[in-house]
Amino acid sequence: MPIDETVVSRAIIETYLRKLTDCLELDAAVVGGGPAGLMAAYRLAKAGVKTALFERKLSLGGGMWGGGMMFNEIVVQAEARALLDELDIASQEYAPGYYTADAVACVAALLQAVIKAGANIFNLVSVEDVMVREGRVNGLVLNWTAVEMAHLHVDPLAVSCRYVIEATGHATEVLQVLVRKQDVTLNTPSGKLEGEKSLWAERAEKTTVENTREIYPGVLVAGMSANASFGSYRMGPIFGGMLLSGAKAADQVIKALAGK
Ligand code: 48F
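Source: prediction; values computed, not measured. (Residues numbered from 1 in each chain as written. Predicted model: local features only at pLDDT ≥ 70, side-chain atom pairs only at ≥ 80, totals over all residues. Heavy atoms only, no water.)

Taken together, 27 residues are adjacent to the ligand, and Glu55, Gly63, Glu173, Met224 and Gly236 come closest. Here an oxygen atom of the ligand and a side-chain polar atom of Glu55 are 2.7 Å apart. Arg56 is positioned with one of its backbone polar atoms (N or O) 3.1 Å from a nitrogen atom of the ligand. Burial of the ligand by the protein amounts to 92% of the accessible area it has alone, namely 730 Å². A molecule is said to occupy a pocket when more than half its atoms come within 2 Å of that pocket's grid points, and by this definition the ligand occupies the largest pocket. Taken together, the elements giving at least two residues each to the shell around the ligand come down to helix 2 (35–46), strand 2 (51–55) and strand 7 (125–133). Per-element accounting of the shell around the ligand gives the leading share, three residues, to strand 7. The residue inventory of the shell around the ligand, partitioned by class, reads 12 nonpolar, 11 polar and four charged. (Near = heavy atom within 4 Å. Polar contact = N/O pair within 3.5 Å; in protein donor to acceptor, adjacent residues only side chain to side chain. Areas by Shrake-Rupley, 256 points an atom, 1.4 Å probe, with all protein chains shown as cover. 1 Å grid on protein atoms, 1.4 Å probe; cavity = no way out; pocket = protein on both sides within 12 Å on 5 of 7 lines; lining within 4 Å. Sits in = over half its atoms within 2 Å of the grid points. Helix = DSSP H or I, 4+ residues; strand = E, 2+ residues; numbered from the N terminus. Nonpolar A, V, L, I, M, F, W, Y, C, P; charged D, E, K, R; others polar.)

As a further point, take the sheet that holds strand 5 (residues 98–102). What holds strands together in a sheet is hydrogen bonding between their backbones, with the strands either parallel or antiparallel. Spatially, three strands are ordered 3-5-4 in an open sheet, and the strand pairing comes out antiparallel. Among the strands making up the open sheet, the edge pair consists of strand 3 (73–77) and strand 4 (92–95). Each neighbouring strand pair of the sheet contributes to a mean axis angle of 40°, computed without reference to strand direction. Taken together, the three bridges between strand 4 and strand 5 define a ladder with antiparallel strand orientation. Among the inter-strand pairings, Ala95 is bridged to a residue of strand 5, identified as Tyr98. Packing of helix 4 (residues 103–117) onto the sheet brings it into contact with strand 3 and strand 5, and relative to strand 5 it is tilted by some 75°. (Pairing = 2+ DSSP bridges. Axes fitted to C-alpha atoms, helices over the stretch in contact; angles between N-to-C directions. Contact = heavy atoms within 4.5 Å.)

Right, let's talk about the environment of Val125 for a bit. The residue Val125 is located in strand 7 in this model. Looking at Val125, the relative accessible area reads 6%, which means it is buried. Considering only alpha carbons, one finds Val125 and Gly135, 10 residues apart in sequence, at a separation of 26 Å. Residues in contact with Val125, not counting those within four places in the same chain, are Tyr16, Phe54, Glu55, Arg56, Leu142, Asn143, Trp144 and Thr145. (Buried < 20%, exposed > 50% of the residue type's maximum accessible area, 1.4 Å probe, protein only.)

Following this line, the structure appears as structure tokens:
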């Protein structure tokens, strides 16, 4: 078969633009493709919620690839084992209640689950701002990561959404910009971002799930962002809390969209 390069180009451009155009109005926008964001996107899409995930980097998976200090195995505690099974991720009991899983296999399985569930993934796209109307976040402001990296003076595009899941990890980037530009009061003890504390895995794993909630109208925090927003601890390379938090954020959005 002869191959026409312009057909290849047109196929990519038109298909991508259709995908992007279809995501200009979303029910749920997930920011950050680490374990918490991926888990949330998977559960949302599986429930039929129109969902897109925006990830700054070329590859998704956030801090999961490297396990602990580049030893690419992760640990998941008993409470989250069922989620590994749901995602068809092989795990082994290392000690009572502690399971290990291959970090690369975990990212691959999460990605496969998100895609099969029907969420759209936009990598190489950075969320640089939000839209706020009448005290509620109702959209995201997007730009190519390459524009951000090159500090080019290029205006962004915007998408609207009914809910944002802030899953940008330690950086809490969506909330940082919301607080900096809008001077809003968050649903935290001080009304501001509390910042994160040093490592305490047991506490952090519990609180990352407890702190998963709507922090400002239209924005839910998930994963490490939840602890960094509410002044709790970091947890290191134990990932059960990330998965449970992503699932909880999705459940809350699903309920809210259903008016429950
Ligand atoms: O950091 P990350 O993996 O967050 P997470 O899902 O999981 C945390 C763990 O990896 C680990 C830990 C737990 O054991 O403490 O750190 O909470 O993934 C966050 C993703 O968000 C992307 C970033 O590139 C990363 O892949 N991200 C951050 N800011 C933006 C963004 C932004 N403004 N726009 C788009 N993506």
